[in-house]
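A look at the structure
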Amino acid sequence: MNTSQYDRIREKVAATGLSHIAFIMDGNGRWATGRGLPREAGHRAGGENFKKVVRMCGDCGIDAVTVYAFSTENWKRPSAEVNAIMRLLDSFIGDAKREKEENGIRYVFLGDKAALAPALAQKCEELEQITKNYKRLLNIALNYGGRAEIVHACNTLIASGKTEVTEADVSAALYTAHCDDPDLIVRTAGEYRLSNFLLWQSAYAEFFFTDTLWPDYSLDDLEDAVNSFSGRRRRFGAVL
Ligand code: IPE
Ligand code: IPE
Ligand code: MG
């Protein structure tokens, strides 16, 4: 571990109150094709790096991490690729279960589990259940779409009998009801869009875009994002 670099980042994280970071983990496919490998190899490398980045964030004092793992639109991909991603998630969940004590992370899946294979959905629920008392948070957006989430929240509120709702009601009916909105959203691989990620929760998020492909995302990249975040003036509409 590069102690001085971690110290430097930790100091900035504490000074700026950066407590929730979200990643749109993009570029796995390009990482693989650039090496003459099948796209699945990129997802494998991306999955490995995802574990590293989550650890890095924890070591930098960031309490909550959200990652975009699979969108409601990603079902449009070839079934072999979708299956490969689901298998990787399945194996990630197995590791997370085994390592829950040492990781000390609470896992929450954002998205509709009903569309997942029943065995995978059950494993997601089980991981949520057995880690629910840990303090550090990792949200994994899986079969997640911001629009679908808002529609789901509306239907939940209608079913509860409400005829009029407040912003607080909507927030409390989203998949992220258990946590604060992200302070910083990072997207890798040089794309400048949200792709249906955290539409409601990103209202006042700061954004950071990098050309780095997700499997290559490193501590230096995280430091760049934190440095940029620490230079922002978040006004939330007020005059400061
Ligand atoms: C992100 O990498 C992972 C998922 C969307 C599941 P991509 O697979 O989108 O990688 P590119 O954008 O094709 O390079
Ligand atoms: C967004 O990436 C979804 C995830 C990272 C899981 P995509 O690669 O699917 O987004 P688009 O298609 O480039 O907008
Ligand atoms: Mg992509």
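Each remark here, short or long, concerns the structure printed above.
Residues numbered from 1 in each chain as written. Chains lettered and ligands numbered in written order. Predicted model: local features only at pLDDT ≥ 70, side-chain atom pairs only at ≥ 80, totals over all residues. Heavy atoms only, no water.

**Some details on the overall build of the chain**
For the chain, the helix and strand inventory stands at nine helices and six strands. On the principal axes, the C-alpha backbone points of the chain span a range of 55 × 50 × 35 Å. In the chain, buried positions account for 47% of the 240 residues. When the accessible surface of the chain is totalled, it reaches about 12100 Å², and 51% of it is carbon and sulfur. Of the charged side chains in the chain, 30 are positive and 33 negative; the average position of the first set lies 2 Å away from that of the second. (Helix = DSSP H or I, 4+ residues; strand = E, 2+ residues; numbered from the N terminus. Buried < 20%, exposed > 50% of the residue type's maximum accessible area, 1.4 Å probe, protein only. Areas by Shrake-Rupley, 256 points an atom, 1.4 Å probe, with all protein chains shown as cover. Lys, Arg positive; Asp, Glu negative; His and termini not counted. Charge placed at Lys NZ, Arg CZ, Asp CG, Glu CD.)

**Regarding the side chain of Glu-81**
Mapped onto the elements of the fold, Glu-81 is located in helix H4 (residues 79-98). Beyond its immediate stretch of four places on either side in the chain, Glu-81 contacts Arg-39, Glu-40 and His-43. (Contact = heavy atoms within 4.5 Å.)

**Digging into helix H1 (residues 3-16)**
Relative to the 20 Å expected for 14 residues at 1.5 Å per residue, H1 spans 20 Å between its end C-alpha atoms, a close match to the ideal helical length. Positioned one or two residues after H1, Gly-17 has a phi angle of 70°, which is positive. (Expected span 1.5 Å × (residues − 1).)

**Comments concerning the site of ligand 1**
Close to ligand 1 lie Met-25, Asp-26, Gly-27, Asn-28, Gly-29, Arg-30, Arg-39, His-43, Ala-69, Asn-74, Arg-77 and Ile-85, which account for all nearby residues. One of the backbone N or O atoms of Asn-28 is found 3.2 Å from an oxygen atom in ligand 1. In this structure, Arg-39 approaches ligand 1 through a side-chain N or O atom, which is 2.9 Å from an oxygen atom. The fraction of the free accessible surface of ligand 1 (380 Å²) that becomes covered by protein chains is 87%. Breaking the shell around ligand 1 down by element, the ones donating at least two residues are helix H2 (28-33) and helix H3 (39-59). Sorting elements by how many residues they give to the shell around ligand 1 places H2 first, with three residues. Here the shell around ligand 1 is built from residues that sort into three nonpolar, five polar and four charged. (Near = heavy atom within 4 Å. Polar contact = N/O pair within 3.5 Å; in protein donor to acceptor, adjacent residues only side chain to side chain. Nonpolar A, V, L, I, M, F, W, Y, C, P; charged D, E, K, R; others polar.)

**Overview of the site of ligand 2**
Residues in close proximity to ligand 2 include Ile-24, Met-25, Asp-26, Tyr-68, Ala-69, Phe-70, Asn-74, Arg-77, Arg-187, Arg-193 and Ser-195, which together make up its full environment. Between ligand 2 and Asp-26 there is a distance of 3.2 Å, counted from an oxygen atom to a side-chain nitrogen or oxygen. The separation between an oxygen atom of ligand 2 and a polar side-chain atom of Arg-193 is 2.8 Å. Protein chains bury 78% of the 390 Å² of accessible surface belonging to ligand 2 in isolation.

**Observations concerning the state of the cysteines**
The final tally for this structure, using the stated rule, is zero disulfides. Free of any disulfide, Cys-154 has its nearest cysteine sulfur in Cys-179, 19 Å distant. Given a relative accessible area of 38%, Cys-154 falls into the partly exposed group. Cys-179 takes part in no disulfide bond, and the closest cysteine sulfur to it belongs to Cys-57, at a distance of 14 Å. With relative accessibility at 17%, the residue Cys-179 sits in the buried group. (Disulfide = S-S within 2.5 Å.)

**Some remarks on the nonpolar core**
Ile-21, Phe-23, Phe-50, Leu-138 and Leu-222 are the most contacted members of the largest nonpolar core, which totals 45 residues. Broken down by element, this core gets its largest block of residues, seven residues, from H4. Residues in contact with Leu-138, not counting those within four places in the same chain, are Phe-50, Val-54, Val-65, Val-67, Phe-92, Ile-105, Arg-106, Tyr-107 and Val-108. Formed by 15 residues, the second largest nonpolar core is a distinct cluster that contains Ala-64, Val-108, Leu-110 and Ile-185. (Core = buried A, V, L, I, M, F, W, Y, C linked by side-chain atoms within 4.5 Å.)

**Let's talk about the sheet that holds strand S1 (residues 20-24)**
In spatial order, the strands read S3-S4-S2-S1-S5-S6; together these six strands make up an open sheet with parallel pairing. The open sheet has two free edges, formed respectively by strand S3 (105-110) and strand S6 (206-209), since each of these has just one partner strand. Each strand of the sheet is rotated relative to its neighbour by a mean of 20°, with strand direction disregarded. The pairing of strand S2 (residues 64-71) with strand S4 (residues 136-144) spans seven bridges and is classified as parallel. Each bridged residue has a counterpart across the sheet, and for Thr-66 the counterpart in S4 is Asn-139. Against the sheet, H3 makes contact with S1, S2, S3 and S4, and its axis sits at roughly 145° relative to S4, the strand it touches most. (Pairing = 2+ DSSP bridges. Axes fitted to C-alpha atoms, helices over the stretch in contact; angles between N-to-C directions.)

Bear in mind that shape data such as this cannot, by itself, settle questions of function.
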